Amino acid sequence: MSKTFSVFLYNIFKKLAATLGFKDFQNQTKVTEVIILGITDIQVLQTPLFSIFLIIYLLTLAANLLIITVVISNPILHNPMYFFICNLSFLDISYSSVIQPKLLSTLLAGPSVVSFPGCIEQLYVFMSLACTEFVSLTAMSYDRYLAICKPLHYAVLINTRICMLLVAICWIVGFVDPLAHTMVISQLPFCKPPVINHFFCDLLVLLNLSCVDKVFIEIMTYVVGSVVALPAFMLTLTSYVLIISSILKIHSTDGRQKAFSTCASHLTVVILFYGTVLAMHMRPSSDYLLPQDKPLSVLYTTIIPMLNPLIYSLRNKDVKKALWAIPRLQWLKTAI
């Protein structure tokens, strides 16, 4: 995103913070830019890591774009499950594109200087997309619950209009929830040098640079985060309790396997995404050890967006049939 837009977004956060009574500390500290050190300062590792992460990013873009293209172009896949998968693929493209270009830049050219408004912009967009994916996975668990537990009423309960409404709610909630965090962070005083020992502007990273008492902010993070995360987690958990209960009531072994296969991919993605995000952010900032926690950050910002289409779709027989039906993609038949 452009520097002009970053400044515009930052000014909006300042005005909102002033309206809500937050003091403008930045005028006192005059922080105008931050330095992002990147994932490693060991030069011998930078070129190999650049090649690895470039391949990961290109695979993420290619796999998710392929899923979106195949689903849109094949009428057989025009159903709620694949509608949600397309939304997830678009999220993964956006999610990884907020983080990985800067990661690649620091590996190629060394520490990167970013304007403070640009850092706040990256923080807000990243948190918004992560929150949107969190809620989207819950919507997908509801879809799987209806498919397995209410198969006779599935077409009525989850039609196109409801799918679009659920996705719209996911995006609205995702971009509203991080506003409070971003407003507070944008107004914090920084008594430490504005050097980020990380590969992107993360919430806990910026908190560690501040010299104010962070207890209030951490409590706010847990409370505001729980407003979305807790209901989302409970709905997902409830859905799977009901799904597993229904599957266990199926007498046929083949029937149980078929029913479980329809939700196994989603459950895998939920465990990976929920587990890593909650492990990183639902803890005190004092426990956040940057060098040691970078691998976990890499997992949920770069690896999971690449794995999602592989877990969800490219091993799915309907998607493979749709791929094989495209003449130019015949070569994938032997690769998948």
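Residues numbered from 1 in each chain as written. Predicted model: local features only at pLDDT ≥ 70, side-chain atom pairs only at ≥ 80, totals over all residues. Heavy atoms only, no water.

- Named according to an unreviewed UniProt entry, the chain is Olfactory receptor originating from Xenopus laevis.
- The record in UniProt for the chain states the following under Sequence similarities (unreviewed entry): "Belongs to the G-protein coupled receptor 1 family."
- UniProt lists a comment for the chain under the heading Subcellular location (unreviewed entry), and it reads "Cell membrane". (UniProt positions renumbered as here; feature names shortened; annotations may be inferred.)

Description of the overall build of the chain
Part 1 of the reasoning: For the chain, the count of helices and strands is 14 helices and 3 strands.
Part 2 of the reasoning: Buried residues in the chain amount to 49% of all 336 residues.
Part 3 of the reasoning: Across the chain, contacts joining residues at least 24 apart in sequence account for 79% of those joining residues at least 6 apart.
Part 4 of the reasoning: Accessible surface, the chain: about 16,200 Å² in total, of which carbon and sulfur atoms supply 71%. (Helix = DSSP H or I, 4+ residues; strand = E, 2+ residues; numbered from the N terminus. Buried < 20%, exposed > 50% of the residue type's maximum accessible area, 1.4 Å probe, protein only. Contact = heavy atoms within 4.5 Å. Areas by Shrake-Rupley, 256 points an atom, 1.4 Å probe, with all protein chains shown as cover.)

Remarks on the environment of Met220
Part 1 of the reasoning: Note on placement: Met220 falls in helix α10 (residues 215-248).
Part 2 of the reasoning: A relative accessible area of 11% means that Met220 is categorised as buried.
Part 3 of the reasoning: Linking Met220 and Val184, residues 36 residues apart in sequence, is a C-alpha distance of 9.9 Å.

Quick word on the state of the cysteines
Part 1 of the reasoning: Summed over all chains, the structure comprises 1 disulfide.
Part 2 of the reasoning: Across the disulfide, Cys119 is cross-linked to Cys201 (sulfur-sulfur distance 2.0 Å). On the sign convention where negative is left-handed, the bridge of Cys119 and Cys201, at about -125 degrees about the S-S bond, is left-handed. Taken together, the positions of Cys119 in helix α5 (residues 116-149) and Cys201 in the loop between β3 (195-196) and α9 (203-209) put the pair 82 residues apart, joining distant regions of the chain.
Part 3 of the reasoning: Given a relative accessible area of 0%, Cys119 falls into the buried group. (Disulfide = S-S within 2.5 Å.)

Structural notes on the packing of α5 against α10
Part 1 of the reasoning: Closest axis-to-axis distance for the α5/α10 pair is 9 Å, and the angle between their directions is 20 degrees. Considering their axes alone, α5 and α10 lie roughly parallel with respect to each other. Note on packing geometry: the crossing formed by α5 with α10 is left-handed. Taken together, the residues of α10 that come into contact with α5 (itself represented by Cys131, Phe134, Val135, Thr138, Ser141, Tyr142, Arg144, Tyr145, Ile148 and Cys149) are Val228, Ala229, Ala232, Leu235, Thr236, Ser239, Tyr240, Leu242, Ile243, Ser246 and Ile247.
Part 2 of the reasoning: Looking at side-chain class alone, the contact of α5 with α10 contains 15 nonpolar, 5 polar and 1 charged residues. (Axes fitted to C-alpha atoms, helices over the stretch in contact; angles between N-to-C directions. Parallel < 35°, antiparallel > 145°, perpendicular 65-115°, else oblique. Left-handed = near helix turned anticlockwise from the far one by under 90°. Nonpolar A, V, L, I, M, F, W, Y, C, P; charged D, E, K, R; others polar.)

Considerations on the environment of Ile172
Part 1 of the reasoning: Tracing the backbone through its elements, the reader meets Ile172 in helix α7 (residues 160-176).
Part 2 of the reasoning: Between the C-alpha atoms of Ile172 and Ser128, which are 44 residues apart in sequence, the distance is 9.2 Å.

Describing the pairing of strand β2 (residues 112-115)
Part 1 of the reasoning: Only one face of β2 is covered, namely the one carrying Ser112 and Val114; the face carrying Val113 and Ser115 has none of its residues buried.
Part 2 of the reasoning: When strand β1 (residues 33-36) meets β2, the two strands line up antiparallel, connected through 4 bridges. Looking at β2, one finds that Ile36 is bridged to Ser112. (Pairing = 2+ DSSP bridges.)

Remarks on the UniProt feature "transmembrane region" (unreviewed entry) in the chain
Part 1 of the reasoning: On the UniProt side, "transmembrane region" (unreviewed entry) is annotated at positions that read residues 49-72, 123-142, 154-176, 219-247, 259-277 and 297-314 here.
Part 2 of the reasoning: Helix makes up 100% of residues 123-142 and strand 0%, with an end-to-end C-alpha separation of 29 Å.

Quick look at the packing of α5 against α7
Two packed helices can be described by the angle between their axes and the distance between those axes.
Part 1 of the reasoning: Two elements in contact, α5 and α7, have axes separated by 7 Å at closest approach and are oriented at 145 degrees. Both α5 and α7 take part in a crossing whose hand is right-handed. Every residue of α7 that contacts α5 at Tyr124, Ser128, Leu129, Cys131, Thr132, Val135, Ser136, Ala139 and Tyr142 is listed here: Leu166, Cys170, Trp171, Val173, Gly174 and Phe175.
Part 2 of the reasoning: Tallied by class, the residues present in the contact of α5 with α7 amount to 11 nonpolar, 4 polar and no charged.

A look at a nonpolar patch on the surface
Part 1 of the reasoning: Among the surface-exposed residues, Leu230, Phe233, Met234, Leu237 and Val241 lie close enough to one another that they form a single nonpolar patch of about 440 Å² accessible area.
Part 2 of the reasoning: The residue Met234 is located in helix α10 in this model. (Patch = residues over 30% accessible without salt bridge, like charges linked within 9 Å, V, L, I, M, F, W, Y side chains within 5 Å. Salt bridge = Lys/Arg side-chain N within 4 Å of Asp/Glu carboxyl O.)

Some words on the pairing of β1
Part 1 of the reasoning: Of the two faces of β1, the one holding Val34 and Ile36 is buried and the one holding Glu33 and Ile35 is not buried anywhere.
Part 2 of the reasoning: Note: β1 against β3, 2 bridges, orientation parallel. Across the sheet, the residue bridging to Ile36 is Ile196, located in β3.

Observations concerning the nonpolar core
Part 1 of the reasoning: By size, the foremost hydrophobic cluster in this structure holds 86 residues, and its most contacted members are Ile196 and Phe273.
Part 2 of the reasoning: Per-element tally for this core: the top contributor is α5, with 19 residues.
Part 3 of the reasoning: Contacts of Phe273, omitting those with residues within four sequence positions, involve Tyr95, Ala130, Glu133, Phe134, Leu137 and Ile304. (Core = buried A, V, L, I, M, F, W, Y, C linked by side-chain atoms within 4.5 Å.)

A look at α10
Part 1 of the reasoning: With 34 residues, α10 extends 46 Å from end C-alpha to end C-alpha; this agrees with the ideal 50 Å at 1.5 Å per step.
Part 2 of the reasoning: The largest bend in α10 comes to about 50 degrees, at Ser226. (Expected span 1.5 Å × (residues − 1). Bend = angle between axes of the 7 residues up to and from the residue.)

Quick look at the pattern of salt bridges
If charged atoms from side chains of opposite charge come close, those side chains can pair.
Part 1 of the reasoning: Taken as a whole and assessed by the stated rule, the structure comprises 1 salt bridge.
Part 2 of the reasoning: Across the pair Arg144 and Asp143 runs a salt bridge whose closest N-O atoms are separated by 2.8 Å. The pair formed by Arg144 and Asp143 is uniform in burial state, with each residue classed as buried.

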